[in-house]
Amino acid sequence: MSETMIQMAQRARKCAEEIKKYKEVQLVSHIDADGISSAAIIARSMERAGIEYEMLFVKQLDEEIVRELANENPELVIFTDLGSGQIEHINNYGLHAVIADHHRPQGDLEMHLNPHLFGANGSFEISGSGTAFLLAEELGSNRDLADLAIVGCIGDMQYRKYGKLVSLNREILDNNPDTIAAKTDISLFGKQTRPVYKMLQYSSDPYLPGLTGNEDACIDFLRKIGFRCAEDERWRRWIDLTEEEKIKVTSSLLQYSVQNGLSSYSLNRLVSECYILLREKEGTEMRDASEYATLLNATGRYMKADIGMAVCMGDREEAYEDSKRLLGEHRKNLVEGLNFVREKGVTQLSNLQYFDAGGSIPETIVGIVAGMSHASSNRHLPIVAFADKEDGHKVSARGTQELVNKGLNLSEAISQVCQVVGGAGGGHDIAAGATVPYGKKEEFIERLNELIARQIAGRT
Ligand code: C5P
Ligand code: C5P
Ligand code: ZN
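**Considerations on the environment of W235**
Thought 1: Counting through the fold element by element, W235 comes out in strand β8 (residues 234–235).
Thought 2: The class of W235 is partly exposed, set by a relative accessible area of 45%.
Thought 3: Separated by 14 residues in sequence, W235 and F221 have C-alpha atoms that sit 16 Å apart.
Thought 4: In this view, W235 contacts P195, Y197, C229, A230 and D240; residues no more than four positions away in its chain are not counted.

This is how it looks when you write it as structure tokens:
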């Protein structure tokens, strides 16, 4: 066990001891895949420890929500996948809280489990669900929940930096070989559930020039390499292929991609480590960590996180059926969002590029669309997306590892600019978000552009 893991486990034990003093707690978590899996891990641990809980999912934690929570006078609130950025509000309103989170901390709290406090980076070493899992391990015999810990960090794209899970995430993975397995495979989305030609057609990360979005071209590509798309009148999915066939399709696809000018960044990502949930049924979304995470996002990002959580808690009937229906709508929204960005274009400044989706992309998925668009566009500049929200512009920013290595810290930059123009934000060096008051967008962009220039030049 690494030194960091030992230290985090010690802090987790302290938090768990505090939690065990109570009979009833309030849980608060984030609406994305990481937040939902974190919530399920803690909720299950509460059930097993005989502690009652109330669940609350929020899009983001702000002063208003902290105040409302405080009005309810809960004895103890457990925040997962959020909270670290709002410790000041939590303290000011006198909430008794335990936080298991991985966002950049702002403020001090005793019962705070966060990788940044132990020298680890919460954007790739461990996620909200990972910290929740460490807490769960100290709350009782909860090791079987390790698969949910991996689903959450995959939802947060923590494999991106190295093309695989590393550090604390890796320790959780390697310590639980009965629950979750890593396998090097084609990285395209939908290996469990989509016909192979659809898997190619819907590929957005990496974007396959000439194939993505073109059904005929995908079928033609497969036919030319002698691949049978269907068998016994059933479309074949990736999991239906023999190992030999998988190798054949993968190598042909690599060759095709080189010939069609796929960037080396994307080429390197065509094959990567994938994570299989061994207790889940083959051919279902839950078998593959990446498909599972998307299923959860399809619920939470549309204010239906309780459905995703029910799936995480084992529901394979009503909630699972509902989540599949939501998944269909989520996919449609993502395709429409990507088309919007492609049609409207992106404005380039010296140190960032941006687009404003207005009311055309829901603010809860504009960050996903920004990340997906970025994967196939100019990666020399970070991308900043805006979308309309009730109380201001929702901002979602995404960088690259290369830019972070040069000094980019989006979380830092966005929170600093918010201090000047108003609004609030935070997140990670490589991905951050905020809400900025209406009327302040232009100033926000200008100041962010300047601040990023200074970060990259090493002057902050
Ligand atoms: O709220 P939260 O921490 O869960 O979100 C993390 C965000 O960071 C995700 O939207 C994820 O896509 C993004 N990310 C990224 N590139 C990475 C790591 C995370 O875009 N290398
Ligand atoms: O919303 P989006 O996906 O762009 O969020 C990127 C990162 O910024 C996430 O880690 C999210 O939790 C964080 N964020 C934040 N405060 C906000 C919006 C997003 O800390 N107001
Ligand atoms: Zn998270």
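**Considering a negative patch on the surface**
Thought 1: A cluster of like negative charges, contributed by E24, E52, E54, E68, E72 and E75, occupies part of the molecular surface.
Thought 2: Among the structural elements, E72 can be located in the loop between α3 (63–71) and β3 (77–80).
Thought 3: For E72, a relative accessible area of 64% gives the class exposed.

**What to know about the coordination of the zinc ion (ligand 3)**
Thought 1: Around the zinc ion (ligand 3), the protein contributes the donor atoms D34 (OD), D81 (OD), H102 (NE2) and D156 (OD), at 2.2 Å from the metal centre.
Thought 2: Ordering the donors of the zinc ion (ligand 3) by residue number gives the pattern D-x46-D-x20-H-x53-D. Remark: D156 occurs in the loop between α6 (146–155) and α7 (167–174) and D34 occurs in helix α2 (residues 33–49); sequence separation between them is 122 residues.

**Details of the layout of surface pockets**
Thought 1: Quantified by volume, the second largest pocket comes out at close to 190 Å³.
Thought 2: Lining of the second largest pocket is provided by 14 residues; of these, D147, L148, R279, E280 and C312 occupy positions nearest its centre.
Thought 3: Where the lining of the second largest pocket is concerned, the elements lending two or more residues are α2 and α6.
Thought 4: A class-by-class count of the residues in the lining of the second largest pocket yields 7 nonpolar, 1 polar and 6 charged.

**Some thoughts on the packing of helix α1 (residues 3–19) against helix α5 (residues 128–139)**
Axes are the key here: two packed helices are described by the angle between their axes and the distance separating the axes.
Thought 1: Where α1 meets α5, the axes come as close as 8 Å, and the angle between the chain directions of the two elements is 60°. It follows from the interaxial angle that α1 and α5 lie oblique. With respect to the hand of their crossing, α1 and α5 are arranged in right-handed fashion. Facing α1, whose interface residues are M5, M8, A9, A12, R13, C15, A16 and I19, α5 presents T131, L134, L135, E138 and L139.
Thought 2: In the contact of α1 with α5, the residues fall into 10 nonpolar, 1 polar and 2 charged.

**Considerations on the packing of aromatic side chains**
Thought 1: In the structure shown here, the tally under the stated rule is 5 aromatic pairs.
Thought 2: An aromatic cluster of at least three residues, connected via ring pairs, comprises Y354, F386 and F444.
Thought 3: Positioned over the ring face of F124 is K161, at 4.1 Å from the centre of the ring.
Thought 4: In this structure, K441 packs its charged tip against the face of F386, placed 5.6 Å from the ring centre.

**Here's the deal with the nonpolar core**
Thought 1: Counting 67 residues, the largest nonpolar core has I19, I78, L134, L135, I150, I172 and Y292 as its most contacted members.
Thought 2: A total of 8 residues in this core trace back to one element, the largest contributor, which is α2.
Thought 3: In this view, I172 contacts M5, I126, G130, F133, L134, A146, A149 and I150; residues no more than four positions away in its chain are not counted.
Thought 4: Of all hydrophobic cores here, the second largest spans 22 residues; its members include V384, L403, F444 and L448.

**Comments concerning the domain arrangement of the protein chain**
Thought 1: Partitioning the protein chain into domains gives domain 1 (3–180), domain 2 (188–274) and domain 3 (345–457).
Thought 2: Distance between the C-alpha centres of domain 1 and domain 3: 26 Å.
Thought 3: The contact between domain 1 and domain 3 buries some 1,000 Å² in all, and 41% of this surface belongs to carbon and sulfur atoms.
Thought 4: If you look at where domain 1 meets domain 3, you find 3 salt bridges.
Thought 5: Among the ionic pairs, E363 bridges to K59, the shortest N-O distance being 2.6 Å.
Thought 6: For the interface between domain 1 and domain 3, the tally reads 9 residue pairs in polar contact (both at pLDDT 80 or more).
Thought 7: A class-by-class count of the residues in the side of domain 1 that touches domain 3 yields 1 nonpolar, 7 polar and 3 charged.

**Some points on the site of ligand 2**
Thought 1: If you check the shell around ligand 2, you find 16 residues, and the closest are H103, K394, S396, R398 and G433.
Thought 2: Residue S396 places a side-chain N or O atom 2.5 Å away from an oxygen atom belonging to ligand 2.
Thought 3: Between an oxygen atom of ligand 2 and a side-chain N or O atom of H428, the distance comes to 3.4 Å.
Thought 4: Here the shell around ligand 2 gets 5 residues from one element, more than from any other, and that element is strand β15 (residues 431–436).
Thought 5: Looking at side-chain class alone, the shell around ligand 2 contains 4 nonpolar, 10 polar and 2 charged residues.

**Brief notes about the site of ligand 1**
Thought 1: Taken together, 13 residues surround ligand 1, and among them D32, H103, D156, R398 and H428 come closest.
Thought 2: One of the side-chain nitrogen or oxygen atoms of R398 is found 3.1 Å away from an oxygen atom of ligand 1.
Thought 3: In isolation ligand 1 exposes 470 Å². Once the protein is present, 88% of that is buried.
Thought 4: Looking at the shell around ligand 1 residue by residue, the classes come out as 3 nonpolar, 5 polar and 5 charged.
Thought 5: Taken domain by domain, the shell around ligand 1 gets at least three of its residues from each of domain 1 (3–180) and domain 3 (345–457).

**Concerning helix α13 (residues 305–312)**
Thought 1: Buried residues dominate α13, accounting for 6 of its 8 residues.
Thought 2: Buried within α13 are the following residues: A305, I307, G308, M309, V311 and C312.
Thought 3: Those residues of α13 that are buried are in contact with α2, β2 (52–58), α6, α12 (289–300) and α14 (318–344).
Thought 4: Residue G314 follows α13 closely and has a positive phi angle near 115°.

**Overview of unusual backbone geometry**
Thought 1: Of note in this structure, D81 is not a glycine but carries a positive phi near 60°.
Thought 2: Turning to its location among the elements, D81 is positioned in the loop between β3 and α4 (87–92).
Thought 3: A relative accessible area of 1% means that D81 is categorised as buried.

Thresholds applied
- Residues numbered from 1 in each chain as written.
- Chains lettered and ligands numbered in written order.
- Predicted model: local features only at pLDDT ≥ 70, side-chain atom pairs only at ≥ 80, totals over all residues.
- Heavy atoms only, no water.
- Helix = DSSP H or I, 4+ residues; strand = E, 2+ residues; numbered from the N terminus.
- Buried < 20%, exposed > 50% of the residue type's maximum accessible area, 1.4 Å probe, protein only.
- Contact = heavy atoms within 4.5 Å.
- Patch = residues over 30% accessible without salt bridge, like charges linked within 9 Å, V, L, I, M, F, W, Y side chains within 5 Å.
- Areas by Shrake-Rupley, 256 points an atom, 1.4 Å probe, with all protein chains shown as cover.
- Salt bridge = Lys/Arg side-chain N within 4 Å of Asp/Glu carboxyl O.
- Lys, Arg positive; Asp, Glu negative; His and termini not counted.
- Charge placed at Lys NZ, Arg CZ, Asp CG, Glu CD.
- Donors = N, O, S within 2.8 Å, 3.2 Å for Na, K, Ca; no water.
- 1 Å grid on protein atoms, 1.4 Å probe; cavity = no way out; pocket = protein on both sides within 12 Å on 5 of 7 lines; lining within 4 Å.
- Points joined across faces, edges and corners; volume = space filled by probe spheres on them.
- Nonpolar A, V, L, I, M, F, W, Y, C, P; charged D, E, K, R; others polar.
- Axes fitted to C-alpha atoms, helices over the stretch in contact; angles between N-to-C directions.
- Parallel < 35°, antiparallel > 145°, perpendicular 65-115°, else oblique.
- Left-handed = near helix turned anticlockwise from the far one by under 90°.
- Phe/Tyr/Trp six-rings, centres within 6.5 Å; stacked < 30°, edge-to-face > 60°.
- Lys NZ or Arg CZ within 6 Å of the ring centre and 35° of its normal.
- Core = buried A, V, L, I, M, F, W, Y, C linked by side-chain atoms within 4.5 Å.
- Domains from an automatic or database assignment.
- Buried area = accessible area lost by both parts, 1.4 Å probe.
- Polar contact = N/O pair within 3.5 Å; in protein donor to acceptor, adjacent residues only side chain to side chain.
- Near = heavy atom within 4 Å.

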